[in-house]
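Structure assessment
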Amino acid sequence: MSMKRIHFLCSGVIAVMALASLTLFPDMACAATRTEKKIVIPEDLTHPSFKTLTVGICPGGHNEKEKEEEWRKTPSKCSRAQLMYPYYKKTPWMNELIARSIILPMLAERLDEKPASRGGENLYKGKLMDVVRKGGERGSVEKPPPIEFTAKLSGYESSSISPAGLPRPEMFGPYLQFMLTQEMRQQYDTHPAGPLVGFVVIDIRSRRILTIDDLILPGQEKVLENLQRTIFRTWMRTERSLPNEAIKAHYANPSHAFFPLNRNWRIAEGGLMFRFATYEVGPRPFGSPEIFLEKKRLGSIIQPDILKQIPDMELTAGN
């Protein structure tokens, strides 16, 4: 019997039995007409290898060995920039995504230029050297003081550590998570800004980075913002031991105003974690606050596909 004949019979059976079968078994369908596309990944994305690039400028030294010697002898006179990032041997599209959507935009922002569309190790080295030459800051003077710039893309939780001692990225269903940390210290800077920490969530099905707009259900932005504000108020009370009057005074200070909707998110056990930058919602002693929103409070706020990948909080003797 031909394949066309088989398909015709299958369609005919469905047409005749549609009302009865769908009434009794709503999920029933002809097996030959519905198949799910499986995601095939040739390697464990939570176990990448890590590469480190280091460039620098010192008053003396003409080769790498001499530069290293100068860095050890007179680090205060040298500038150095370092980049650490994951590398996948069997998944080239992941390397391209990391370069195009994470590392190159970060370097472009640091250098106040347009991000490159593609590039790898050689381009990274050139951009890092530009950071060193320009002092790491936009609009710096002709001869900027020595700087130390570091950027690191790795995991967040320390439950799984690579041989190099770096946290591995985590996988929640089809969502792979990284943390991008960048920090610059400049000589004579008495108040360094502190590290910038950004969470990166990649959907391996669509091969793209998810934004806050991919997370929130339409029309729920203000609801999430109000929930963040409530949790941050609790953070000030519990983590900073501030009384209610001090919290009210904090919110009344325009320089410490709660910015609308924190967009820096990641999946955590039992809910979502949001992290603020230093000075974003308070003075320097506040550091970079992290607030935790429980899964049970997010059901009507975030996308169901993401919600179902949030693991429930594990119960232990302590809680």
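Throughout what follows, the structure given in this document is the object of discussion. (Residues numbered from 1 in each chain as written. Predicted model: local features only at pLDDT ≥ 70, side-chain atom pairs only at ≥ 80, totals over all residues. Heavy atoms only, no water.)

Digging into the packing of aromatic side chains
If you walk through the whole model with that rule in mind, you get five aromatic pairs. Seen in terms of ring centroids, Y85 and Y124 are 5.1 Å apart; in terms of plane orientation they differ by 85°. Their pairing is edge-to-face. Taken together, the positions of Y85 in strand β2 (residues 79-87) and Y124 in helix α4 (residues 121-133) put the pair 39 residues apart, joining distant regions of the chain. Side by side, Y85 and Y124 carry an identical accessibility label, which is buried. Centre to centre, the rings of F232 and W235 are 5.5 Å apart; their planes meet at 10°, and the pair counts as stacked. Taken together, the residues span about one helical turn, with F232 and W235 both in helix α6 (residues 221-238) at a distance of three residues. (Phe/Tyr/Trp six-rings, centres within 6.5 Å; stacked < 30°, edge-to-face > 60°. Helix = DSSP H or I, 4+ residues; strand = E, 2+ residues; numbered from the N terminus. Buried < 20%, exposed > 50% of the residue type's maximum accessible area, 1.4 Å probe, protein only.)

Side note on the environment of I41
Position of I41 relative to the elements: it lies in the loop between α1 (3-24) and β1 (49-57). Between the C-alpha atoms of I41 and K90, which are 49 residues apart in sequence, the distance is 8.6 Å. Leave out the neighbours within four places in its chain, and I41 touches T91, W93 and I204. (Contact = heavy atoms within 4.5 Å.)

Topic: the packing of helix α3 (residues 92-111) against α4
It is at 9 Å that the axes of α3 and α4 come closest, and there the two elements cross at 20°. Considered as vectors, α3 and α4 are oriented roughly parallel to each other. Between α3 and α4 lies a crossing whose hand is left-handed. Residues A99, I103, L104, L107, R110 and L111 of α3 form the contact with α4, whose participating residues are L123, Y124, K127, L128, D130 and V131. Grouping the constituent residues of the contact of α3 with α4 by class yields nine nonpolar, no polar and three charged. (Axes fitted to C-alpha atoms, helices over the stretch in contact; angles between N-to-C directions. Parallel < 35°, antiparallel > 145°, perpendicular 65-115°, else oblique. Left-handed = near helix turned anticlockwise from the far one by under 90°. Nonpolar A, V, L, I, M, F, W, Y, C, P; charged D, E, K, R; others polar.)

Section: the packing of α6 against helix α7 (residues 244-252)
For the pair α6 and α7, interaxial distance at closest approach is 10 Å and the crossing angle is 130°. Regarding the angle of α6 to α7, the classification is oblique. When you trace α6 past α7, the crossing you get is right-handed. Together, R229, F232, R233, M236 and R237 of α6 and N244, I247, H250 and Y251 of α7 make up the contact between the two elements. Class assignment for the residues of the contact of α6 with α7 results in four nonpolar, two polar and three charged.

Section: unusual backbone geometry
One non-glycine residue, D112, lies in the positive phi region at around 55°. Residue position: D112 is located in the loop between α3 and α4. The backbone of R207 sits at a positive phi, close to 55°, despite the residue not being glycine. Secondary-structure assignment places R207 in the loop between β6 (196-203) and β7 (208-209). Residue R207 is classed as partly exposed on the basis of its relative accessible area, which comes to 46%.

Some words on the nonpolar core
Counting residues in each nonpolar core, the largest one holds 34 residues, and the members touching the most others are M94 and F149. Elements that contribute at least two residues to this core include exactly β1, β2, α3, α4, β3 (147-154), β5 (175-186) and β6. Top element by residues in this core is α3. It accounts for eleven residues. What F149 contacts, discounting residues up to four positions off in sequence, is R80, A81, Q82, M106, L107, R110, L128, V131, Q182, E183 and M184. (Core = buried A, V, L, I, M, F, W, Y, C linked by side-chain atoms within 4.5 Å.)

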